[in-house]
Amino acid sequence: MRAVVIGGGVMGCASALELASRGVRDVVVLERSVPGAEASSAAGGILGAQVEARNPRELDAFVAAREMHEAWASELRELTGIDVGFRRCGILTIARNDEELAALGREVAAQRERGIEAATLTGERGAREIEPEVGACRGAAWFARDGQVDPPRLLRALVAACADAGVTIRAGTTVSRVVMRGERCAGVELDGQEELEADVTVLAAGSWSSLVPGVPSPVPRVRPVRGQMVELDQRPPRLRRIVFGGHTYVVPRGDGRVVAGSTMEEVGHRREVTAGGVSDILGGALANVPSLRAAELVRTWCNFRPCPEGDVELVGPSGVAGLVLATGHHRNGILLARATALAVADAALAAT
Ligand SMILES: Cc1cc2nc3c(=O)[nH]c(=O)nc-3n(C[C@H](O)[C@H](O)[C@H](O)COP(=O)(O)OP(=O)(O)OC[C@H]3O[C@@H](n4cnc5c(N)ncnc54)[C@H](O)[C@@H]3O)c2cc1C
């Protein structure tokens with residue numbers, strides 16, 4: 001059986017690794033740039049199951065996906081020697097006014113009713129017992145089991161593990177067409193030249209998934225949502241918890257690096273870090289954690305979240321024979337990577 005994977009981001013690499021580890025001999029990842037070139041290495045790496053879920057269905061799925069990361073990190077370290085930076089550092093979401101605090105209180109109560117660990121902290125003093133560095137606030141919600149990984153390291157580990165498992169990674173190779181034979185997806189065309197036949201084709205092209213020519217029309221569309229990011233260096237490190245507040249989050253990596261984000265912009269694939277974007281992120285970050293004012297501004301970047309049109313899930317069977325989906329994860333692709341890889345492998349093996 002041959003499986004080809006379009007895209008070498010976290011979805012493509014994690015899916016390829018899972019297929020290889022289930023005994024699929026011929027797995028090929030096709031990446032137009034280098035693996036991890038795009039959203040997957042640009043991400044904050046927040047495993048924000050409890051802060052990101054918008055409804056009970058997402059909450060259960062996100063929590064289950066988060067709980068896979070600890071063992072996955074150990075497995076990847078054993079396979080490759082690379083530490084992907086998994087840390088259960090918790091997320092503190094601060095409320096700047098009574099309305100925000102009331103909304104957080106309702107969210108925490110709803111999660112606790114489902115048996116999920118969460119707490120409300122009253123006043124600045126309560127919030128500072130968990131994270132002494134937070135700025136002015138009325139209180140906070142505390143999600144102790146949320147955490148983080150370091151995305152560039154996760155991608156390096158996945159690529160190394162894929163190579164060791166016998167996955168072929170073809171970097172610098174653009175899929176110029178999905179090839180259909182009748183109603184069935186039969187593989188891909190590369191760089192407008194070569195055709196690569198496959199029993200299963202996995203669409204994992206992130207925010208470019210709808211731009212790959214030939215993707216059949218029943219597959220829902222994905223659009224890019226730009227996010228800008230800022231990396232700071234705080235020496236010595238003071239912040240220990242991920243802090244959310246307003247539209248901003250700050251993620252301490254534990255070694256002094258602090259990643260702050262992010263914007264949500266509908267500007268197509270315009271690859272720009274803007275004055276307004278950086279100003280908004282820094283304004284929010286310094287309000288949430290005032291001591292970051294003295295941190296060094298190291299670098300900025302942006303990339304594109306793959307946002308599905310409508311509230312659809314684009315993971316698993318596509319409805320088209322031979323085509324499996326691993327895309328549309330929007331703000332939570334790092335969180336959902338391992339769970340997606342398992343679902344993709346299930347769908348791919350069931351389809352053959
Ligand atoms: C700024 C920012 C912050 C984020 N923070 C978080 C976070 O904290 N936590 C979290 O869980 N998620 C976060 N996300 C979301 C997460 O990064 C994405 O959901 C996830 O990385 C998507 O992975 P992917 O593999 O689908 O896409 P990508 O990583 O974009 O990979 C797609 C790959 O496909 C390749 N490709 C495209 N077209 C073709 C083609 N025709 N032929 C060959 N290759 C092709 C691209 O070059 C690319 O490498 C963030 C995203 C952004 C942008």
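Position labels on residues start from 1 in each chain and follow its written sequence. Only residues with pLDDT of 70 or above have their local features reported here, since the model is predicted, and side-chain atom pairs are shown and tallied only from 80 upward, although totals for entire chains, interfaces and linings are computed over all residues. Note that the side-chain values use all heavy atoms of the structure and ignore hydrogens as well as water.

Some words on the pairing of strand 11 (residues 194-197)
Any two strands with at least two DSSP-identified bridges between them are counted as paired. Secondary structure elements are defined from DSSP: runs of H or I of at least 4 residues count as helices, runs of E of at least 2 residues count as strands, and each element is numbered from the N terminus. Both strand 10 (residues 184-190) and strand 11 contribute to a ladder of 4 bridges, which runs antiparallel. Bridge pairing links Val188 to Leu196 in strand 11. Linking strand 10 to strand 11, which pair antiparallel, is a turn of 3 residues; within it Asp191 sits at a positive phi near 50°.

As for the site of the ligand
We call a residue near a given molecule or strand whenever any one of its heavy atoms falls within 4 Å of it. Residues in close proximity to the ligand total 38 residues, the closest being Glu31, Ser40, Val175, Arg331 and Leu335. Here an oxygen atom of the ligand and a backbone polar atom of Met11 are 3.2 Å apart. In protein, a polar contact requires one atom able to donate a hydrogen and another able to accept it; more generally it is a pair of N or O atoms within 3.5 Å, and residues adjacent in sequence count only if both atoms are side-chain atoms. For the ligand, a nitrogen atom lies 2.8 Å from a polar atom in the backbone of Arg331. Within the complex, the protein chains bury 98% of what would otherwise be the 1,000 Å² of accessible surface of the ligand. Mapped by element, the contributors of at least two residues to the shell around the ligand are helix 1 (10-21), strand 2 (26-31), helix 2 (39-42), strand 13 (222-233) and strand 17 (296-308). Calculation of accessible area relied on Shrake-Rupley with a 1.4 Å probe; when residues are assessed, cover is drawn exclusively from the protein chains displayed.

Details of helix 4 (residues 56-66)
When helix 4 is considered as a whole, its buried residues turn out to be Glu58, Leu59, Phe62, Val63, Ala65 and Arg66. Within helix 4, the buried residues cover an arc of 160° as seen down the axis, which keeps them to one side. Contact between two residues is taken to exist if any of their heavy atoms lie within 4.5 Å; hydrogens are not considered. Among the structural elements, strand 3 (46-47), helix 3 (49-52), helix 5 (69-80), helix 6 (98-113) and helix 10 (337-350) are those in contact with the buried residues of helix 4. Capping the start of helix 4 is the job of one residue whose side-chain oxygen sits 3.2 Å from the backbone nitrogen of Arg57: Asn55. Under the scheme applied here, a residue whose accessible area is under 20% of the maximum for its type counts as buried, over 50% as exposed, and between as partly exposed, the area being computed with a 1.4 Å probe on protein chains only. The arc in question is formed by the directions pointing from the helix axis toward the C-beta atoms.

Notes on the domain arrangement of the protein chain
Reports often express the size of an interface as the amount of accessible area lost when the parts come together. Here the bounds of each domain stem from an automatic or database domain assignment. Per the domain assignment, the segments of the protein chain are domain 1 (2-82 + 151-221 + 309-350) and domain 2 (91-146 + 223-306). A separation of 28 Å is found between the C-alpha centroids of domain 1 and domain 2. Domain 1 puts 33 residues into the contact, and the matching count from domain 2 is 28 residues. Joining two parts hides part of their accessible area as seen by a 1.4 Å probe, and the buried area is that hidden amount summed over both. A combined buried area of about 2,500 Å² lies between domain 1 and domain 2, and 53% of that area is made up of carbon and sulfur atoms. Of all residues in domain 1, Ile46, Gln50 and His330 give up the largest surface area on contact with domain 2, accounting jointly for 25% of the area buried on that side. Each reported salt bridge corresponds to a side-chain nitrogen of Lys or Arg within 4 Å of a carboxyl oxygen of Asp or Glu. Viewed at the interface, domain 2 and domain 1 are joined by 5 salt bridges. Between Arg145 and Glu67 there is a salt bridge; the shortest N-O distance is 2.9 Å. Connecting domain 1 to domain 2 are 17 residue pairs in polar contact (both at pLDDT 80 or more). Going through the elements one at a time, helix 2, strand 3, helix 3, helix 4 and helix 8 (151-164) are the ones with two or more residues in the side of domain 1 that touches domain 2. Residue composition of the side of domain 1 that touches domain 2, grouped by class: 14 nonpolar, 10 polar and 9 charged. Each residue receives one of three labels: charged for Asp, Glu, Lys and Arg, nonpolar for Ala, Val, Leu, Ile, Met, Phe, Trp, Tyr, Cys and Pro, and polar for the others, Gly being one of them.

Some details on the packing of helix 5 against helix 8
The axes used here are C-alpha line fits, helices contributing only the stretch in contact, and every angle between their N-to-C directions lies in the interval 0 to 180 degrees. In contact at an axis separation of 9 Å, helix 5 and helix 8 are set at 55° when each is read in the N-to-C sense. One element, helix 5, and the other, helix 8, form an angle in the oblique class. The hand of the helix 5/helix 8 crossing is left-handed. Contact residues: Trp72, Leu76, Leu79 and Thr80 in helix 5; Leu154, Ala157, Leu158, Ala160, Ala161 and Asp164 in helix 8. Across the contact of helix 5 with helix 8, the residue classes tally to 8 nonpolar, 1 polar and 1 charged. Working rule for angles: under 35 degrees goes down as roughly parallel, over 145 as roughly antiparallel, 65 to 115 as roughly perpendicular, anything else as oblique. Definitions for this section: a left-handed crossing has its near helix turned counterclockwise from the far helix by less than a right angle. A right-handed crossing has that turn clockwise.

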